[in-house]
Amino acid sequence: MAAIEFRGVTKEFADGTIAVNDLNLSIADGEFMIFVGPSGCGKTTALRMLAGLEKPTAGEILIGDTVVNDLDPVDRDIAMVFQNYALYPHMTVRANIGFPLETQRVPKKEREKRITEAASLLGLEELLDRKPRALSGGQRQRVAMGRAIVRHPRSFLMDEPLSNLDAKLRVQMRAELVKLHQRLRVTTLYVTHDQVEAMTLGQRVAVLNHGVVQQVDAPGVLYNSPVNLFVASFIGSPAMNFLRVRSGGGRLAFGNYTLPLADAVAASLRRSEGEMILGLRPEHFTVTTSAETDGAVPVTVEIAEQLGSETLVYFRVEGVAAETLGGDSEAELRGAFVARLDPRTHPSPGQRLDLAVDIERAHFFDPVDGVSLKGTGS
């Protein structure tokens, strides 16, 4: 195993596109690191540079203590798992798993031992003599993992390996990947655009946008203490709600409504007066029975989604527009806010509700540069 380090790594393509811009990041020995972000954010380019499939324009990439910029992929001692599995259709599962060992001229006895170990680890023992066409998507992905494991590499690189699976299989494979990492403890860099995968798999998550790392931290910290509007809008499902407010006199004003700004919240802000963007997670709303409650906002229900364990309510506030900052596309399309309510709540479209806002858990951002205004975790 080995640590991985990016030192000032930049990748500029021939057409002038800067895919990765001054990436500085250390991945600890044995760590499971996630790169997450929208399409075109630079996450796959960063992985391809680490693998040796792209050459950095500037900076250094280290695996262990070795600068690998000029090493061929085969000399970097890494194993890749791809989105499309990349299995050989004419070969059995056994042959697919053992193929990298055969090319390395590993003796047959040792080769068979490693294949058996990998198959046992991944639950593939009874499938070793089948060919890929006879396997399910999840089984094919496990074969691809087996082919990576048998090499005993210093690190795994995974490029959206679960994106071709259906929802149920993705959940299952996420759990299997976590267990696999706990057993092998191999340094892993995993690339995905799916923030649910990022939050459930990664020990740390690096959020990228336009080739720049926005924040690197544990999943819970990204969710509860985003450093800027992009991270706040990208992490969380449904996405955070945003609205422009003006703070003054201990109140937050928007449209014809005001909310109390608690002293403790005001004290945590770098500035507590003037215009700012208020961020509210869907779970920051609760139904109140009295419109007289200080901070209650009357809303009109547009759509209610009964999900069994929760009710998602998309709603509008008269005279107030939801800011569209790249979060939940469905909410943006509707121009609505979204609340995560008790599953026993069964509102109908057009119904009026009074929602209380948990302002102590709210987030506040500068309306110009989008940087969080909170000086402490929320």
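## A short note on the pairing of strand β12 (residues 251-254)
The side chains of a regular strand alternate, first on one face of the sheet and then on the other. Burial along β12 is one-sided: Leu252 and Phe254 are buried, while Arg251 and Ala253, pointing the other way, are not. Taken together, the three bridges between strand β11 (residues 241-248) and β12 define a ladder with antiparallel strand orientation. Among the inter-strand pairings, Gly248 is bridged to a residue of β12, identified as Arg251. The hairpin formed by β11 and β12 contains two residues between the paired strands, and Gly249 there has a positive phi angle of roughly 65 degrees.

## A word on the sheet that holds strand β6 (residues 78-81)
If you walk across this open sheet you meet the six strands as β6-β7-β8-β3-β9-β10, and the pairing is mixed. Each of the sheet's edge strands pairs with one partner strand only, and the pair in question is β6 and β10 (212-217). Ignoring strand direction, the axes of neighbouring strands in this sheet form an average angle of 20 degrees. Where β6 meets strand β7 (residues 155-159), four bridges bridge the pair, whose relative direction is parallel. Note that in β7 the partner of Val81 across the bridge is Met158. Where helix α4 (residues 137-149) meets the sheet, it contacts β6 and β7, and its direction lies at approximately 175 degrees from that of β6.

## As for the packing of α4 against helix α5 (residues 167-184)
Contact geometry for α4 and α5: axes closest at 11 Å, N-to-C directions at 20 degrees. Judged by the inter-axis angle, α4 sits roughly parallel to α5. Every pair of crossing elements has a handedness; the one defined by α4 and α5 is right-handed. Contacts between α4 and α5 involve Gly138, Gln141, Arg142, Met145 and Ile149 from the first element and Leu169, Gln172, Met173, Glu176, Leu177, Leu180 and Leu184 from the second. Residues that form the contact of α4 with α5 fall into these classes: seven nonpolar, three polar and two charged.

## Quick notes on the side chain of Thr345
By the secondary structure assignment, Thr345 is in the loop between β18 (337-341) and β19 (352-357). Residue Thr345 is classed as buried on the basis of its relative accessible area of 18%. Not counting chain neighbours up to four residues away, the residues in contact with Thr345 comprise Val287, Gln306 and Thr311.

## Considering helix α2 (residues 93-103)
Restricting attention to buried positions, one finds in α2 the residues Val93, Asn96, Ile97, Gly98, Pro100 and Leu101. The positive-phi residue at the C-terminal boundary of α2 is Arg105, with phi of around 60 degrees.

Criteria and cut-off values
Residues numbered from 1 in each chain as written. Predicted model: local features only at pLDDT ≥ 70, side-chain atom pairs only at ≥ 80, totals over all residues. Heavy atoms only, no water. Buried < 20%, exposed > 50% of the residue type's maximum accessible area, 1.4 Å probe, protein only. Helix = DSSP H or I, 4+ residues; strand = E, 2+ residues; numbered from the N terminus. Pairing = 2+ DSSP bridges. Axes fitted to C-alpha atoms, helices over the stretch in contact; angles between N-to-C directions. Contact = heavy atoms within 4.5 Å. Parallel < 35°, antiparallel > 145°, perpendicular 65-115°, else oblique. Left-handed = near helix turned anticlockwise from the far one by under 90°. Nonpolar A, V, L, I, M, F, W, Y, C, P; charged D, E, K, R; others polar.

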